[in-house]
Amino acid sequence: LAQNYTERYRPQFHFTPAKNWMNDPNGLIYHEGTYHLFYQHNPGGISWGAMSWGHATSSDLVHWEHQPVALLARGYPDNITEMFFSGTAVFDAQNTSGFGTDDKAPLVAMYTSHYPVAQTLPSGKTVDANQQSQSIAYSLDDGMTWTTYDSVNPVILNPPAEYSDQIHDFRDPAVFWHEETQRWVSVMSLPGLRKLLIYTSSNLRDWELVSEFGPVNAVGGVWECPSMFRLPLDGGEELKWVVQISLNPGGPAGNTGSGTQYVVGQFDGKTFTPDANSVTQANWVDWGPDFYAALTFGGLPVEDRVDIAWMTNLRYGGATPTDPWRSAFTVPRRLSLRTINGKATLTQEPILGDADYSSTHWDTLPAGSTKLDFTGKALDIVLSFPESESTQFGVIVRASSDLSEQTQVGYDFEKKEVFVNRTVSGVSGFDDTFAGAFSAPLELTEGKVTLRVLVDWSSVEVFGGAGEATLASLIFPSDGSSDVYLFSAGGSTNDVEMRAANIKSIWVT
Ligand code: FRU
């Protein structure tokens, strides 16, 4: 693959396909020392189309190597009869599926088969035009090539009979092994009903519906890409379950676009029971406009949960001005569950490679903007500051020399919110809500605010506090806009600490 990765807007440390369209992360799994990242991909164009599973691998979650398409739309390019929609992958260590050989246990992927045309399948099952069913495929070479289970697929043809009107909207299975019950569990969605269906299986082939969950909390749009995982609470012995659900529209950003929510609770192998205080209002995984279809890696220890999302909004995901690829993933984010204000809350920490950080301290920064010597388009900036005279304090990134173009990230002491303002961040005409400001609630910790700001050519990701308030936001500035300022509004800000670095390209070439 010829790569230069210096095209306008090309992220340097966020994953992008070399070219063409990408949407959801799929089949994230750590296996035999390698992180596998599959993704919804149209290998034939820069818009959503012949949905296939693209593939990339990494040994450290930081540097990625592109691999050949793993599951290519059947009949590609001219006569497509099956598209491979979103799903997940598991390592079937005990060969419960029987797809393995004596000396090789299989990886098994479960995904949604989207059938654009009515047909009778090789398994003898018949499907409607645009029907969605759940299928499986296996790999005997550690995820590099896959064989679809054509003699039986789909393994779940339809949702239960009472939802038979939903057969065109039934998708996104997320599979995992449930140790206590010694069963596979798969969570999938009936998007229009805002309902999750939970199935279990002993062999990944035969599935039984055991419970349903939803609708709860954010229901302003369809539910897609559900998943379920465990995390230790406050780093201790107690484990809690988290359900992560994407919805479109009805997200946090002005309720007009897409977003991702989560619910914390218990799961007994069959039924998910939410904590009472987790179903009183939407819990957003990220408060920015650009965080969708998030999925965590399987194959890692329980305390090691890493989430990756498609960094865009369904309002304009098909219209962002990049070429010859479209869309990026967020940085991988290590998840924790911490009790904050009496409630189990997700916190997130970005995973980045090494960089040369330098630290600066200011006894006081006066009201107004202070230009820094530090500049760049791919940056990691960590700011820590106490409440003082100012009403707002933060950083301006991707600024043009006259400041007419800029993106602000800051903290509002009156509202107790961290915010990203991309009103004048650059190109925005492809969507009439793009040029806006977005915020997340954040309390001070020991009298201080900590903001970590990742800037990468065409995005800003903010982690506030211990990572309990995050905002992912795309921006499309002019090439020359690379100045950085600190700003203090309404008075001066004292005792400001900054740790910052330029981040290098992650691409293995
Ligand atoms: C979410 C989604 C999924 C579906 C996939 C198709 O973005 O709509 O529900 O499986 O994209 O590409």
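Since the structure is predicted, the reported quantities are computational estimates derived from the model, not experimental observations.

Draft legend 1. The site of the ligand, seen in detail. Neighbouring the ligand are the residues Asn-23, Asp-24, Gln-40, Trp-48, Met-51, Phe-85, Ser-86, Arg-171, Asp-172, Glu-224, Tyr-292 and Trp-310. Within the side chain of Gln-40, one N or O atom sits 2.6 Å away from an oxygen atom of the ligand. A distance of 3.0 Å is found between an oxygen atom of the ligand and a side-chain nitrogen or oxygen belonging to Trp-48. Looking at the shell around the ligand, the elements that each hand over two or more residues are β1 (20-31), β5 (83-91) and β11 (171-178).

Draft legend 2. Structural detail: the domain arrangement of the protein chain. Each domain of the protein chain was delimited in the assignment, giving domain 1 (20-350) and domain 2 (358-502). Look at where the C-alpha atoms of domain 1 and domain 2 centre, and you get two points 32 Å apart. In this complex, domain 1 contributes 27 residues to the contact, which on the side of domain 2 involves 25 residues. For the domain 1 and domain 2 pair, buried surface summed over both sides reaches about 2100 Å², with 63% attributable to carbon and sulfur atoms.

Draft legend 3. Local environment of the pattern of salt bridges. All chains considered together, the criterion is met by 19 salt bridges. A salt bridge links Arg-230 to Glu-180, with the nearest nitrogen and oxygen atoms 3.1 Å apart. Taken as a pair, Arg-230 in strand β15 (residues 222-232) and Glu-180 in the loop between β11 and β12 (183-190) lie far apart in primary sequence, 50 residues in all. Accessibility expressed as a relative area gives 23% for Arg-230, which makes it partly exposed. Taking relative accessible area as the criterion, Glu-180 reaches 54% and is therefore assigned exposed.

Draft legend 4. Molecular detail of the side chain of His-178. Locating His-178 in the fold gives a position in strand β11. Overall, the relative accessible area of 3% leaves His-178 in the buried class. A polar atom in the side chain of His-178 sits 2.6 Å from the side chain of Thr-181. In contact with His-178, other than residues within four places in its own chain, are Arg-183, Val-185, Trp-241, Phe-267, Asp-268 and Gly-269.

Draft legend 5. The nonpolar core, seen in detail. Ranked by size, the top nonpolar core spans 42 residues in total, and within it Phe-13, Phe-15, Leu-61, Trp-64, Phe-297 and Phe-329 carry the most contacts. When residues of this core are traced back to their parent elements, those giving at least two are β1, β2 (34-42), β5, β19 (292-296) and β20 (305-310). Built from parts of two domains, this core gets at least three residues from each of domain 1 (20-350) and domain 2 (358-502). The residues contacting Leu-61, other than those within four sequence positions of it, are Tyr-35, Phe-297, Val-306, Pro-332 and Ile-351. Among the nonpolar cores identified, the runner-up in size contains 34 residues, and Ala-253, Trp-362, Leu-372 and Tyr-411 belong to it.

Draft legend 6. Structural view of empty space enclosed by the protein. Within the structure shown, the criterion is met by three cavities of 30 Å³ or more. Of the voids in this model, the largest cavity is the one considered here, and its volume is about 110 Å³. What lines the largest cavity is a set of 14 residues, among which Thr-322, Ser-327, Ala-328, Ser-458 and Leu-474 lie closest to the centre. For the lining of the largest cavity, the per-class residue count stands at seven nonpolar, six polar and one charged. For the second largest cavity, the calculated volume is near 60 Å³.

Draft legend 7. Expanded view of the sheet that holds strand β24 (residues 358-365). Sheet architecture is open: six strands sit in the order β24-β35-β26-β31-β32-β33, paired in antiparallel fashion. Among the strands making up the open sheet, the edge pair consists of β24 and β33 (469-474). Going across the sheet, the axis of each strand differs from the next one's by a mean of 15°, ignoring polarity. In this sheet, strand β35 (residues 493-502) lies alongside β24 in antiparallel orientation, the contact comprising seven bridges. Pairing of Ser-359 across the sheet is with Arg-499, part of β35.

Draft legend 8. Broad picture of the environment of Lys-19. Examined against the element boundaries, Lys-19 turns out to sit in the segment before β1. Spatially, the C-alpha atoms of Lys-19 and Ile-46 are 7.5 Å apart, while their sequence positions differ by 27 residues.

Draft legend 9. Summary view of the layout of surface pockets. The computed volume of the largest pocket comes to approximately 710 Å³. If you go around the largest pocket, you meet 34 residues; those closest to its centre are Phe-176, Trp-177, Gly-298, Gly-299 and Arg-305. Those elements that place two or more of their residues in the lining of the largest pocket are β1, β5, β11, β15 and β19. Among the elements that take part in the lining of the largest pocket, β11 stands out by supplying five residues, more than any other. Looking at side-chain class alone, the lining of the largest pocket contains 20 nonpolar, nine polar and five charged residues. Ile-340, Asn-341, Thr-345, Pro-441 and Glu-468 are the residues nearest the centre of the second largest pocket, which is lined by 18 residues in total. Of the residues contributing to the lining of the second largest pocket, the split by class is nine nonpolar, five polar and four charged.

Draft legend 10. Local environment of the sheet that holds β2. Pairing within the open sheet is mixed, and its five strands lie in the order β4-β3-β2-β1-β21. One side of each edge strand has no neighbouring strand; the edge strands of this open sheet are β4 (65-71) and β21 (325-326). Here strand β3 (residues 52-58) pairs with β4 via four bridges, running antiparallel. Looking across to β4, one finds that His-55 is bridged to Gln-67.

Draft legend 11. Quick look at the pairing of strand β17 (residues 259-267). Extensive coverage of β17 is indicated by the burial of eight of its nine residues. Examined bridge by bridge, strand β16 (residues 239-248) and β17 share seven bridges and lie antiparallel to one another. Among the inter-strand pairings, Ser-246 is bridged to a residue of β17, identified as Thr-260. Bridge count for β17 against strand β18 (residues 272-274) is three bridges, and the pairing is antiparallel. Considered in β18, the bridge of Gln-266 is made with Thr-273.

Draft legend 12. Spotlight on the packing of aromatic side chains. This model, assessed by the stated rule, comprises 32 aromatic pairs. Residues Trp-177 and Trp-184 carry aromatic rings whose centres are separated by 4.9 Å and whose planes lie at 65° to one another, so their mutual orientation is edge-to-face. An aromatic cluster is defined as three or more aromatic residues linked by ring pairs; in this entry it consists of Tyr-5, Phe-15, Tyr-39, Trp-64, Phe-329 and Trp-507. One residue, Arg-10, lies across the ring of Trp-325, its end atom 4.0 Å from the ring centre. The ring of Trp-457 carries Lys-377 above its face, with NZ or CZ at 4.2 Å from the centroid.

Rules used in this analysis
- Residues numbered from 1 in each chain as written.
- Predicted model: local features only at pLDDT ≥ 70, side-chain atom pairs only at ≥ 80, totals over all residues.
- Heavy atoms only, no water.
- Near = heavy atom within 4 Å.
- Polar contact = N/O pair within 3.5 Å; in protein donor to acceptor, adjacent residues only side chain to side chain.
- Helix = DSSP H or I, 4+ residues; strand = E, 2+ residues; numbered from the N terminus.
- Domains from an automatic or database assignment.
- Contact = heavy atoms within 4.5 Å.
- Buried area = accessible area lost by both parts, 1.4 Å probe.
- Salt bridge = Lys/Arg side-chain N within 4 Å of Asp/Glu carboxyl O.
- Buried < 20%, exposed > 50% of the residue type's maximum accessible area, 1.4 Å probe, protein only.
- Core = buried A, V, L, I, M, F, W, Y, C linked by side-chain atoms within 4.5 Å.
- 1 Å grid on protein atoms, 1.4 Å probe; cavity = no way out; pocket = protein on both sides within 12 Å on 5 of 7 lines; lining within 4 Å.
- Points joined across faces, edges and corners; volume = space filled by probe spheres on them.
- Nonpolar A, V, L, I, M, F, W, Y, C, P; charged D, E, K, R; others polar.
- Pairing = 2+ DSSP bridges.
- Axes fitted to C-alpha atoms, helices over the stretch in contact; angles between N-to-C directions.
- Phe/Tyr/Trp six-rings, centres within 6.5 Å; stacked < 30°, edge-to-face > 60°.
- Lys NZ or Arg CZ within 6 Å of the ring centre and 35° of its normal.

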